[in-house]
Amino acid sequence: MLLTIDVGNTQTTLGLFDGEEIVEHWRISTDPRRTADELAVLLQGLMGSHPVVSAEDRVAGLAICSSVPAVLHELREVTRRYYGDVPAVIVEPGVKTGVHVLMDNPKEVGADRIVNALAANHLYGGPCIVVDFGTATTFDAVNERGDYVGGAIAPGIEISVEALGMRGAQLRKIELARPRNVIGKNTVEGMQSGILYGFAGQVDGLVNRMAKELAKDPDDVQVIATGGLAPLVLGEAETIDVHEPWLTLIGLRLIFERNRPATAA
């Protein structure tokens, strides 16, 4: 079994693969204060208490990417102390991804965005655009050769809701839900409408503009949505073609397969 770990700024997503099939997944909060020992107990507790993972199953490989340096440091210690005999791949400079990064400074690109680009091209081919609804909403463009050519970064949905509640004197934090109508009949519905339909419009606007730059025929560009908040916008954004919730985990599996022979924890 391969354990994949994607550490985001707000949430950490974990997936357990049996071959190419993801057999279990979990989502936990990202806490930079957790120690390696606490992380190990959490990982072992999740896997040991779930009926899908039998007692005979054991982790035979680890693949990790992280946007939070403090958590990555502790995960390195987890692999050393608790999975020392297990091959481990951490996505960082020097790891083979097969993705050419055509940016002014490739080192600026987050590991998760490269992983997403790899998985999107593997599953759907290029040209394509990945829209990842996380702490930030990121738009990543992949050309027909599978190269990462750039993207866009916008404030995430939860960040926007929190900012409205903090900076608006008569506003408050609301539930992220679809309102009865686009024209809200009260403050909560008005905020829900602005967030939901505003972000859907943002996605469509950015995707359409990026697709025109990415391909001669914008209709050839496949648009893949991922991230924890993607389901909120899926029904409203007209440009999204595919929802792949475990895109980053799939990319981690692919990178592990590329690097496994030469890498150990």
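This text goes with the structure placed above it.
A few points on the structure. If you're wondering where the values come from, they're calculated on a predicted model, not measured in any experiment.

Rules used throughout
- Residues numbered from 1 in each chain as written.
- Predicted model: local features only at pLDDT ≥ 70, side-chain atom pairs only at ≥ 80, totals over all residues.
- Heavy atoms only, no water.
- Helix = DSSP H or I, 4+ residues; strand = E, 2+ residues; numbered from the N terminus.
- Rg over C-alpha atoms; globule rule 2.2 N^0.38 Å.
- Buried < 20%, exposed > 50% of the residue type's maximum accessible area, 1.4 Å probe, protein only.
- Contact = heavy atoms within 4.5 Å.
- Areas by Shrake-Rupley, 256 points an atom, 1.4 Å probe, with all protein chains shown as cover.
- Lys, Arg positive; Asp, Glu negative; His and termini not counted.
- Charge placed at Lys NZ, Arg CZ, Asp CG, Glu CD.
- Core = buried A, V, L, I, M, F, W, Y, C linked by side-chain atoms within 4.5 Å.
- Expected span 1.5 Å × (residues − 1).
- Polar contact = N/O pair within 3.5 Å; in protein donor to acceptor, adjacent residues only side chain to side chain.
- Salt bridge = Lys/Arg side-chain N within 4 Å of Asp/Glu carboxyl O.

## As for the overall build of the protein
Here is step 1: Counting secondary structure elements, the protein contains seven helices and 10 strands.
Here is step 2: What you see for the protein is a C-alpha radius of gyration of 19 Å, in line with the 18 Å of a compact globule of 265 residues.
Here is step 3: Dimensions of the protein, computed from C-alpha atoms along their principal axes, come out at roughly 60 × 45 × 35 Å.
Here is step 4: Taken across its 265 residues, the protein has 48% of its residues classed as buried.
Here is step 5: In the protein, of all internal contacts separated by at least 6 residues, the share reaching a separation of at least 24 is 60%.
Here is step 6: In the form shown here, the protein has an accessible surface area of approximately 13400 Å², with 49% of it arising from carbon and sulfur atoms.
Here is step 7: Here the protein contributes 23 positive and 35 negative side-chain charges, whose respective centroids are spaced 5 Å apart.

## Comments concerning the nonpolar core
Here is step 1: In this structure, Val91, Ala120, Tyr148, Ile224, Leu247, Leu252 and Ile255 are the most contacted members of the largest nonpolar core, which totals 29 residues.
Here is step 2: Among the elements of the structure, strand E4 (61–66), helix H3 (111–124), strand E6 (128–133) and helix H7 (247–259) are those that each provide at least two residues to this core.
Here is step 3: With sequence-adjacent residues up to four places away left out, Val91 is seen in contact with Ile64, Cys65, Ala111, Val115, Leu252 and Ile255.
Here is step 4: Core analysis: the second largest hydrophobic core is formed by 27 residues, Ile129, Leu196, Ala215 and Ala225 among them.

## Some points on H3
Here is step 1: Taking 1.5 Å as the rise per residue, H3 with 14 residues should run 20 Å; its terminal C-alpha atoms sit 20 Å apart, in good agreement.
Here is step 2: Regarding H3, the residues found buried are Ala111, Asp112, Arg113, Ile114, Val115, Asn116, Ala117, Leu118, Ala119 and Ala120.
Here is step 3: Gly125 sits one or two residues past H3 and shows a positive phi near 75 degrees.

## Structural notes on the environment of Arg178
Here is step 1: As for its position among the elements, Arg178 is in the loop between helix H4 (157–167) and helix H5 (187–214).
Here is step 2: Separated by 140 residues in sequence, Arg178 and Glu38 place their C-alpha atoms 37 Å apart.
Here is step 3: Not counting chain neighbours up to four residues away, the residues in contact with Arg178 comprise Leu196, Tyr197, Leu232, Gly235 and Glu236.
Here is step 4: Looking at Arg178, its side chain comes within polar contact range of the side chain of Glu236, at 2.9 Å.

## Digging into the pattern of salt bridges
Here is step 1: The full count for this structure, using the stated rule, is 10 salt bridges.
Here is step 2: Close ionic contact of Glu77 with Arg80 constitutes a salt bridge, the shortest N to O distance being 2.5 Å. Residue Glu77 and its partner Arg80 are both found in helix H2 (residues 69–82); the two are separated by three residues, about one turn of the helix.
Here is step 3: Judged by its relative accessible area of 25%, Glu77 falls in the partly exposed class.
Here is step 4: A residue is classified by how much of its surface remains accessible, and Arg80, at 53% relative accessible area, is exposed.
Here is step 5: The partner of Glu189 in a salt bridge is Arg180, and the shortest N-O contact between them spans 2.5 Å.
Here is step 6: Assessed through its relative accessible area of 9%, Glu189 is described here as buried.
Here is step 7: Relative accessible area serves as the criterion here: at 62%, Arg180 is assigned to the exposed category.

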